[in-house]
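# Close look at the chain arrangement
Residues per chain are reported as follows:
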Amino acid sequence: QVNEYILLLRQENWKERRDLGVTPRPILEEEWDAFAALHDGVFPGVYASGRDILKDLGKTRFVYVIADKAGLAAYGVLKTNGGKQATAEMLAVRKDARRQGFGRATLQHLAWQAFSQFGAEMLELVVDADNQNALGLYLDIGFQIRQENHCFILRRSL
């Protein structure tokens, strides 16, 4: 079965929108603890913890956030080494802040940063196959499925 999709957005396929009502901004140092807690809550046990991401902040990883009255509502992590391809490494919206356009605004901002500020020509991301809401958003923005990763479960006969 399909486990995850690797998607690619080429700059020429990007449907830029800057009229989304909210613009993410770079994370502030006083938000680091809240970011780490939100990230680790949304992605428990993933390969990079919130603290791991913060260790590379401003080097290869750049974190952009949207805050509301309850704190950090959404964030995106852009990973780049200054080459032609960047990665939208993480994107998350706090559960009670979903369906307000924060995910779309954050991903649009990551694309803008990748293409306009870092000179990338392509933006890559990975999404779980069962996350159909996210997949729909990514395809709507202009991402295309580059690869399907399949997982197989091997069972041993007794």
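Quick summary incoming for the structure in this document. Within any chain, residue numbers begin from 1 and follow the written order of that chain's sequence. Owing to the predicted nature of the model, reporting of local features is limited to residues with pLDDT of at least 70; listing and counting of side-chain atom pairs is limited to 80 or more, with chain, interface and lining totals taken over all residues. To get the side-chain values, all heavy atoms of the structure are used, and hydrogens and water are removed first.

### Things to note about the overall build of the chain
Secondary structure elements are defined from DSSP: runs of H or I of at least 4 residues count as helices, runs of E of at least 2 residues count as strands, and each element is numbered from the N terminus. Of regular secondary structure, the chain possesses four helices and seven strands. Each helix and strand of the chain, ordered N terminal to C terminal, gives the series β-β-α-α-β-β-β-α-β-α-β. Over its C-alpha atoms the chain spans a radius of gyration of 16 Å, differing by no more than 12% from the 15 Å that the globule rule assigns to 158 residues. In terms of its C-alpha atoms, the chain occupies a principal-axis envelope of roughly 55 × 35 × 30 Å. Buried residues in the chain amount to 42% of all 158 residues. Residue contacts follow a heavy-atom distance rule, with two residues in contact if any of their heavy atoms lie within 4.5 Å. Sequence separation of 24 or more characterises 67% of the internal contacts of the chain that already satisfy a separation of 6 or more. A total of about 9,100 Å² of accessible surface is found on the chain, and carbon and sulfur atoms cover 48% of it. Think of it this way: Lys and Arg go in the positive column, Asp and Glu in the negative one, and His and the chain ends go nowhere. For the purpose of locating charges, the reference atoms are NZ of Lys, CZ of Arg, CG of Asp and CD of Glu. On the chain, the mean spot of the 20 positive side-chain charges and the mean spot of the 20 negative ones are 3 Å from each other. Between the two quantities, the radius of gyration covers C-alpha atoms and the globule rule is 2.2 Å times the number of residues to the power 0.38. Buried residues are those whose accessible area, probed at 1.4 Å on protein chains only, stays under 20% of the maximum for their type, while exposed residues exceed 50% and partly exposed ones sit between those limits. Surface accessibility follows the Shrake-Rupley procedure with a 1.4 Å probe radius. Residue values consider only the protein chains on display as shielding.

### Focus: helix H4 (residues 132-141)
Listing the buried residues of H4 in full gives Ala134, Leu135, Leu137, Tyr138 and Ile141. Buried residues of H4, seen end-on, are gathered within an arc of 160° and therefore sit on one face of the element. The positive-phi residue at the C-terminal boundary of H4 is Gly142, with phi of around 125°. In this description, one arc is meant: the one made by directions from the helix axis to the C-beta atoms.

### A closer look at the nonpolar core
In globular proteins that are soluble, nonpolar side chains generally tend to be buried together. Side-chain atoms within 4.5 Å are what join buried Ala, Val, Leu, Ile, Met, Phe, Trp, Tyr and Cys residues into a set we call a nonpolar core. If you look at the biggest cluster of nonpolar residues, it comprises 26 residues, and the most contacted ones within it are Leu107, Leu123, Tyr138 and Phe143. Elements that contribute at least two residues to this core include exactly strand S1 (2-10), strand S3 (61-68), strand S5 (85-93), helix H3 (102-117), strand S6 (122-128) and H4. The contact partners of Leu107, leaving out residues within four places of it in the chain, are Ala88, Leu91, Leu125, Tyr138, Ile141 and Phe143.

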